[in-house]
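Here are the chains, one letter per residue:
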Amino acid sequence: MAAAFGAQLESRVLQCSNLVVGEFRSDAPNGLITGAVPRDDAYVLTLHLRERPAGAMRAENRWIQPRNFHAGHAGIVDLRSTLTSEYDGPFHYVSIYLKRKTLGAYAEDAGAQTLDDLRHQPGVGFSDPVVRHLLLSLRPALAVPREVSALYADHVTLALVTHLASMYGAFHAARTSLRGGLSPAHARRVKELIDSRLDGSVSRVELARSCGLSERHFARAFRETTGQPPHRWLVGRRGPPRSVPLRALT
């Protein structure tokens, strides 16, 4: 996205595990900024941090006049069509890039049917408190991307994809009858693996595979065993956090 808009755009991008997220801002009071996003088998979910200025969108040869993109509102774009966006004035938003195969993998792990599509209205913003809070929770990580652990990225991505699938997919996640925590042997193996990778490079996929469980079932079992999700356990094992100055985009 940053390359699409050129030098007039201030941007930060974080890529970690299955997570690709960016924050994009322009304070140019005048002048039309146009950017094109290449076609891909993916979605982009965007949270606007300020009112979207005037400017149209074009998917293939169809022009759309965006509406309802107030500050705090989100929008979904299907990149199976080449997208062109215009911004005539200042803008500021956070976007997360979601491959369709990633959505399908997380949905399958959640015990749901195959996810073929996300229901949305192209060019129409919507208010969703869960999407807003999850995307806002990623903003501090954009300031210090090297400090972000794979477990935290997996945790946020799984929460977001599960929500999108249940709210905007063609299905609701199936119920699971899984009960109980990790066995003592699995709990010991996982804790030793986390302790050996306190830099945060260990992912939930690795931890789940070490127990022979799916990510979803592993996350539930780990929480039941320890009382907290894996990324919280990792933070606790690291000890007191050191002070890191954050220069937020405000």
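For the structure, see preceding data.
In short, a report on the structure. (Residues numbered from 1 in each chain as written. Predicted model: local features only at pLDDT ≥ 70, side-chain atom pairs only at ≥ 80, totals over all residues. Heavy atoms only, no water.)

1. Overview of the sheet that holds strand S1 (residues 10-16)
- Taken together, five strands build an open sheet; the order of strands is S1-S2-S9-S4-S7 and the sheet is antiparallel. Every other strand in the sheet has two partners, leaving S1 and strand S7 (74-78) as the edge strands with one partner each. Taking each pair of neighbouring strands and ignoring which way they run, the sheet shows an average axis angle of 15°.
- Judged from the seven bridges that link them, S1 and strand S2 (residues 19-26) form a sheet pairing that is antiparallel. Note on S2: the bridge partner recorded for Cys16 is Leu19. (Pairing = 2+ DSSP bridges. Helix = DSSP H or I, 4+ residues; strand = E, 2+ residues; numbered from the N terminus. Axes fitted to C-alpha atoms, helices over the stretch in contact; angles between N-to-C directions.)

2. Observations regarding the side chain of Arg100
- Its location among the elements puts Arg100 in helix H2 (residues 100-109).
- At a separation of 2.7 Å, a polar atom in the side chain of Arg100 contacts the side chain of Asp41.
- Among the polar contacts listed, one links the side chain of Arg100 to the side chain of Tyr43, at a separation of 3.4 Å. (Polar contact = N/O pair within 3.5 Å; in protein donor to acceptor, adjacent residues only side chain to side chain.)

3. Overview of helix H5 (residues 150-168)
- Helix length check: H5 (19 residues) gives 26 Å between terminal C-alpha atoms against 27 Å at 1.5 Å per residue, within 8%.
- With 15 of 19 residues buried, H5 lies mostly within the body of the structure. (Expected span 1.5 Å × (residues − 1). Buried < 20%, exposed > 50% of the residue type's maximum accessible area, 1.4 Å probe, protein only.)

4. Here we look at the pattern of salt bridges
- Scanning the model with the defined rule gives nine salt bridges in all.
- As a salt-bridge pair, Arg100 and Asp41 come within 2.7 Å of each other at their nearest N and O atoms. Taken together, the residues Arg100 in helix H2 and Asp41 in the loop between strand S3 (32-37) and strand S4 (42-48) connect sequence positions 59 residues apart.
- We classify Arg100 as buried; its relative accessible area is 18%. (Salt bridge = Lys/Arg side-chain N within 4 Å of Asp/Glu carboxyl O.)

5. Concerning the nonpolar core
- Counting 28 residues, the largest nonpolar core has Leu14, Val21, Leu45, Ile96, Leu135, Leu160 and Leu164 as the members making the most contacts within it.
- Breaking this core down by element, the ones donating at least two residues are S1, S2, S4, S7, strand S9 (91-99), helix H3 (129-136), helix H4 (139-143) and H5.
- The element that contributes the greatest number of residues to this core is H5, accounting for six residues.
- Sequence-distant contacts of Val21, that is, excluding residues within four places in its chain, are made with Arg12, Val13, Leu14, Val94, Ser95, Ile96, Leu138 and Leu142.
- Among the nonpolar cores identified, the runner-up in size contains 14 residues, and Leu151, Leu182, Cys211 and Phe218 belong to it. (Core = buried A, V, L, I, M, F, W, Y, C linked by side-chain atoms within 4.5 Å. Contact = heavy atoms within 4.5 Å.)

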